[in-house]
Amino acid sequence: MTLVDSRIVLPAIAITSMILFTEAAADATQAQTSTPQSTTANGYQPRWWKEAIVYQVYPRSFKDSNGDGIGDLKGITSKLDYIEGLGANVIWLSPHYDSPNADNGYDIRNYRKVMAEFGTMADFDELLKGIKQRHMKLILDLVVNHSSDEHAWFVESRKSKDNPYRDYYIWRPANAAHEPNNWVSFFSGSAWKLDPATKEYYLHLFAEKQPDLNWDNPSVRQEVYDLMKFWLDKGVDGFRMDVIPFISKRERLPDLPPAYLTRPQYFYAMGPHLHEYLQEMNREVLSKYDVMTVGEAFGVTLEQTPTLVDERRNELNMIFNFDVVRLNRDGRKWRNWNLPEMKAVYTTQDKALDVHSWNTIFLSNHDNPRVVSTFGDDSPGFRVPSAKLLATMLLTLKGTPFIYQGDELGMTNYPFTHIEEFDDIEVKNAWKAEVLTGKVKADDYIANLRKTSRDHSRTPMQWDSSSNGGFTTAANPWLAVNPNYKDINARQELADPNSIYNYFSKMAKLREKTPALVYGDYEDLDPQNMKIFLYTRTLGTDKYLVVLNFSEDNISYTLPGGLKAGQLQISNLGTKEQNTAALKLKGWEARVYKQ
Ligand code: TEU
Ligand code: CA
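Heads up: these notes are all about the structure in this document.

## Section: the nonpolar core
The nonpolar side chains of soluble globular proteins are, as a tendency, buried together.
Thinking step 1. Ranked by size, the top nonpolar core spans 156 residues in total, and within it Met342 and Phe550 carry the most contacts.
Thinking step 2. Of all the elements, helix 8 (residues 218-234) adds the most residues to this core, at seven residues.
Thinking step 3. Excluding its chain neighbours within four sequence positions, the residues that come into contact with Phe550 are Trp337, Leu339, Met342, Phe375, Leu389, Leu390, Met393, Lys531, Phe533 and Trp588.
Thinking step 4. Of all hydrophobic cores here, the second largest spans 12 residues; its members include Leu534, Val547, Tyr557 and Leu559.

What follows is the structure, encoded as structure tokens:
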């Protein structure tokens, strides 16, 4: 498929059968859909992005090609076969734009330039070409709630109150020597910074070096639409939109009510013009291309979700809802989660969305700890089976699955012991605000980060057992490689037919040829069970049963409601049991049956 072809808007089912489905699966879908325009047996419009498996690449930590200790675009291009072999068909690239890296690229200085550390525009074009050659797709990270303070717009904006770019950002006068309101930054302290040049405050919901753009200014919106077109015209296939629900700010910026001080995202999100701006973006840009969009919906409730993703509203295709990923968190603190809570979220999500809306399934990303250490069991005896169980769940729940780099290898959390080992601005700022002021004890702070830090997922990919896990030839990568790279690495897993990587790949193939696992109705059959997650996916007469033992215990389990397991499709521990109601499950065992 050439870059030119990808600009032609085809009916989804045609794209489906061309790109993402194996022939058998495409036939199966077509059998259920009489014409290309029609819906699945249960009423869904088939779309390529509903059938996709997305692999997130964090470029800084993926693969270093030139020995400077920092991952780069050429490094990603060299590993496309690895990503394709896993069964992913869409890559989400975390920011690759020019940035001073106050927040690892989420602070953009120039939206049309590649970060020098990552390479050149020619390297980007080469990467995109390699992706298209493999019939895969690429989505970019669109970070437009804020820019870098080094972006030319902000450099101008801060110069004077009458600068033409002044109104590109959110400025407030310095009355009575205190901040314009009590808004807090996600990276500690006030969300306002007094700027010496004009003695006014600017708003930054994240770092001081990430000033919030003023979306109420039509010129700002036009600039964003133009830069989106710049990348779409190159042939990229959509965007993951960073904290998109924050772009419209509340009228007159009222104080955070006390109840929101520890969870301000629910106050910052869903401002009065959000829907209007997203619909405008859709009209001006998205509707002109065959693309996928996924909004990072930090601070959006389940009840609000359909207002962003219902296809009849022409806003976004899907969002990331954080209710599962943050089940283990109370503010910044770790809390123990349990299985019925997780199941309840999936059921509520499913009920909140009808056939006009679509969901995402993800258990980790670059802002969260490692999936196997968080939702599985990373002890030596259970790391492999529990990582495979989580892969089974990710690929059989209803929604487009997103896997984060390294989770396909079962990479684990890093054994952090000292503040110096961290890179993340969130960690460093909170250390200053909480530990250095004596509010939190250093040991407690580090102990909590050992479970929750964003840096766990940012340690370099473990490619092989050579020094620094083959990530770089430099002596010191930008962030230390997890010392377990000799045991956990890609080379070893590619060679082992029973590895997590190869299991994921088999599971991805099963999903690709099974429309019921993509579009089928979801039902949780044992919601109160503390250890077993049992659900079905049903499309027309096709029914699949997923059995997951979320514990280290061996469990004799009788299927409820007179159900029999049916025909075994895949399992992570090599069971032969099928066509029976009485299952003998081992610790962290996962199975998929066809009923
Ligand atoms: O993250 C949004 C966000 O608010 C949280 O994930 C937050 O970073 C943190 O985890 C709160 O505890 C997005 C990006 O994914 C993140 O990497 C950026 O730092 C942030 O926006 C700012 O662009
Ligand atoms: Ca490099």
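From this point, the narrative continues.
## Some thoughts on the sheet that holds strand 16 (residues 521-524)
Thinking step 1. Sheet architecture is open: five strands sit in the order 16-17-18-22-20, paired in antiparallel fashion. Both edges of this open sheet fall to strand 16 and strand 20 (567-571), since each of them pairs with a single strand only. Geometrically, the sheet is characterised by an average inter-axis angle of 20° between neighbouring strands, direction not taken into account.
Thinking step 2. Pairing geometry for strand 20 and strand 22 (residues 590-594), over four bridges, is antiparallel. Looking at strand 22, one finds that Ile570 is bridged to Val592.
Thinking step 3. Sitting on the sheet, helix 14 (residues 383-394) is in contact with strand 17 (532-539), strand 18 (542-549) and strand 22, with an inclination near 150° to strand 18.

## Re the coordination of the calcium ion (ligand 2)
Thinking step 1. Protein coordination at the calcium ion (ligand 2) comes from Asp64 (OD), Asn66 (OD1), Asp68 (OD), Ile70 (O) and Asp72 (OD), with a distance range of 2.2 to 2.4 Å.
Thinking step 2. Donor residues for the calcium ion (ligand 2) sit on one chain with the sequence pattern D-x1-N-x1-D-x1-I-x1-D.

Parameters and conventions
- Residues numbered from 1 in each chain as written.
- Chains lettered and ligands numbered in written order.
- Predicted model: local features only at pLDDT ≥ 70, side-chain atom pairs only at ≥ 80, totals over all residues.
- Heavy atoms only, no water.
- Core = buried A, V, L, I, M, F, W, Y, C linked by side-chain atoms within 4.5 Å.
- Buried < 20%, exposed > 50% of the residue type's maximum accessible area, 1.4 Å probe, protein only.
- Helix = DSSP H or I, 4+ residues; strand = E, 2+ residues; numbered from the N terminus.
- Contact = heavy atoms within 4.5 Å.
- Pairing = 2+ DSSP bridges.
- Axes fitted to C-alpha atoms, helices over the stretch in contact; angles between N-to-C directions.
- Donors = N, O, S within 2.8 Å, 3.2 Å for Na, K, Ca; no water.

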